[in-house]
Amino acid sequence: MSELTMNANTNIIGQDRRVQKMRSNKTQSTIWNFWIYTFLILGAVVMIIPLIWMFFSSLKSPGQFLTTQLSLKMPENPHWENYFRRVWQMEPALQRGVLNSLIISFSTIIVGTFVSSLAAFSYAKLRFPGKQKLFLAELATMMIPFAIIMIPQFIIYARIGWLNTWCPLIIPGMLGNVSMIFFLRQYMSGIPTSLIESARIDGAGYFFIFIKIIFPNAKPAIAAQAILWFMGAWNDYFAPSIYLNNPNKLTVQVMISQLNAMYAIQTDYPLLLTASVLALLPCLIMFMVFQKQIIASVAMTGLK
């Protein structure tokens, strides 16, 4: 009986220690989660405060802005005409820059996404000599800063007559995006190869397989990467400022920069902030609408 009692006591003590250890781990996990969420909330607040200030300041008159520059309150008499009338009367016309940015972004993304998807399918499912070396060579180009190739590209584009046209902004993107190729390759690698083999047995070609099998299965990842690419193309300032000089061909980001030099002299900062808010809206709306697809695509791509 004494041995049974000692064994029972030992089991009880062991269970108590395990329970205490689990409670301790849970407490530590709760503490860590608290500090992590606190850090994330503070980061979110720091990032959103400038946006709130920009929106509220865009609803002020020039005089109100100069007297209450750092205020985060909604003005008592918001000037909504800044959005509905005054900003569209700016010279040069802002709507021309918005239209130019839409043409450049969508023409690049529609064709470039299709080409990148084909390349990702080739790297993920096809077999051909030098596939891995070619893929690694493409990935290596992501490590080259744009500042290094900026001057050679400018000289090449100048010699072939592409300066002051949209060609340097559209045609290179139509040939594919290395970042998109990499992510889509990782995603497509998870699609069962048996589907392709079955289609090949039935006599389907690779292009038919891509259109009917691979593209529908990879549509969430393709859509997410296309949205991210659109946000990058829409916000691009450096390349258009280098290659474009004609006011009729400027993108919205470059146009706002030029408007800053023009209207800052008149201290009409609310009008400039209004134009900035309007330029931000397309990316903000697209991210808010498709944020689940974007996050899910990046998460699934990392797990492949």
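Shown above is the structure to which this text applies.
Residues numbered from 1 in each chain as written. Predicted model: local features only at pLDDT ≥ 70, side-chain atom pairs only at ≥ 80, totals over all residues. Heavy atoms only, no water.

1. A short note on the layout of surface pockets
Phase 1: In this structure, the largest pocket occupies an estimated 1,100 Å³ of space.
Phase 2: Forming the boundary of the largest pocket are 34 residues, of which Pro 172, Gly 173, Gly 176, Asn 177 and Trp 229 lie nearest the centre.
Phase 3: When contributions to the lining of the largest pocket are tallied by element, the ones reaching two or more residues are helix 4 (94–125), helix 6 (146–159), helix 7 (167–174), helix 8 (178–188), helix 11 (219–234) and helix 12 (238–243).
Phase 4: In terms of residues, the lining of the largest pocket owes the most to one element, helix 11, which gives six residues.
Phase 5: Its residues assigned to classes, the lining of the largest pocket comprises 21 nonpolar, twelve polar and one charged. (1 Å grid on protein atoms, 1.4 Å probe; cavity = no way out; pocket = protein on both sides within 12 Å on 5 of 7 lines; lining within 4 Å. Points joined across faces, edges and corners; volume = space filled by probe spheres on them. Helix = DSSP H or I, 4+ residues; strand = E, 2+ residues; numbered from the N terminus. Nonpolar A, V, L, I, M, F, W, Y, C, P; charged D, E, K, R; others polar.)

2. Concerning the packing of helix 4 against helix 11
Phase 1: Running from amino to carboxyl end, helix 4 crosses helix 11 at an angle of 145°, the nearest separation of the two axes being 9 Å. Along this stretch, helix 4 crosses helix 11, giving a crossing that reads as right-handed. Residues Val 98, Ser 101, Leu 102, Ser 105, Phe 106, Thr 108, Ile 109, Gly 112, Thr 113, Ser 116 and Ser 117 of helix 4 lie in contact with helix 11, whose contacting residues are Ile 222, Ala 226, Trp 229, Phe 230, Ala 233 and Trp 234.
Phase 2: Partitioning the contact of helix 4 with helix 11 into residue classes produces ten nonpolar, seven polar and no charged. (Axes fitted to C-alpha atoms, helices over the stretch in contact; angles between N-to-C directions. Left-handed = near helix turned anticlockwise from the far one by under 90°. Contact = heavy atoms within 4.5 Å.)

3. Description of the environment of Gly 176
Phase 1: Take Gly 176: it is sitting in the loop between helix 7 and helix 8.
Phase 2: Linking Gly 176 and Phe 114, residues 62 residues apart in sequence, is a C-alpha distance of 8.1 Å.
Phase 3: With residues near it in sequence (within four places) discarded, Gly 176 still touches Gly 112, Val 115, Ser 116 and Trp 229.

4. Thoughts on the packing of aromatic side chains
The geometry of two aromatic rings is summed up by the distance between their centres and the angle between their planes.
Phase 1: Counting across every chain of the model gives 21 aromatic pairs.
Phase 2: For the ring pair Trp 53 and Phe 65, a centre distance of 6.0 Å and an interplane angle of 55° mean the geometry is tilted. Of this pair, Trp 53 sits in helix 1 (residues 2–58) while Phe 65 is found in helix 2 (residues 62–67), placing the two residues twelve residues apart along the sequence.
Phase 3: Accessibility expressed as a relative area gives 25% for Trp 53, which makes it partly exposed.
Phase 4: Looking at Phe 65, the relative accessible area reads 6%, which means it is buried.
Phase 5: One aromatic cluster is present, formed by Phe 114, Phe 121, Phe 207, Phe 210 and Phe 215 through successive ring pairs.
Phase 6: Taking NZ or CZ as reference, Arg 185 lies 4.4 Å from the ring centre of Phe 135, over its face. (Phe/Tyr/Trp six-rings, centres within 6.5 Å; stacked < 30°, edge-to-face > 60°. Buried < 20%, exposed > 50% of the residue type's maximum accessible area, 1.4 Å probe, protein only. Lys NZ or Arg CZ within 6 Å of the ring centre and 35° of its normal.)

5. Quick word on the side chain of Thr 274
Phase 1: You can see Thr 274 is positioned in helix 14 (residues 269–303).
Phase 2: In this structure, Thr 274 is in contact with Ser 58, Asn 82, Tyr 83 and Val 87, ignoring residues within four places of it in sequence.

6. Examining the nonpolar core
Proteins that are soluble and globular tend to have nonpolar side chains buried together.
Phase 1: Counting residues in hydrophobic clusters, the biggest one holds 56 residues, and the most contacted among them are Leu 94, Phe 121, Met 188, Ile 209 and Ile 214.
Phase 2: Excluding residues that lie within four positions of it along the chain, Ile 214 makes contacts with Phe 121, Met 188, Ile 191, Ile 196 and Ile 209.
Phase 3: Ranked by size, the runner-up nonpolar core spans five residues in total, among them Ala 119, Tyr 123, Phe 135 and Ile 181. (Core = buried A, V, L, I, M, F, W, Y, C linked by side-chain atoms within 4.5 Å.)

Keep in mind these values describe shape, not function.
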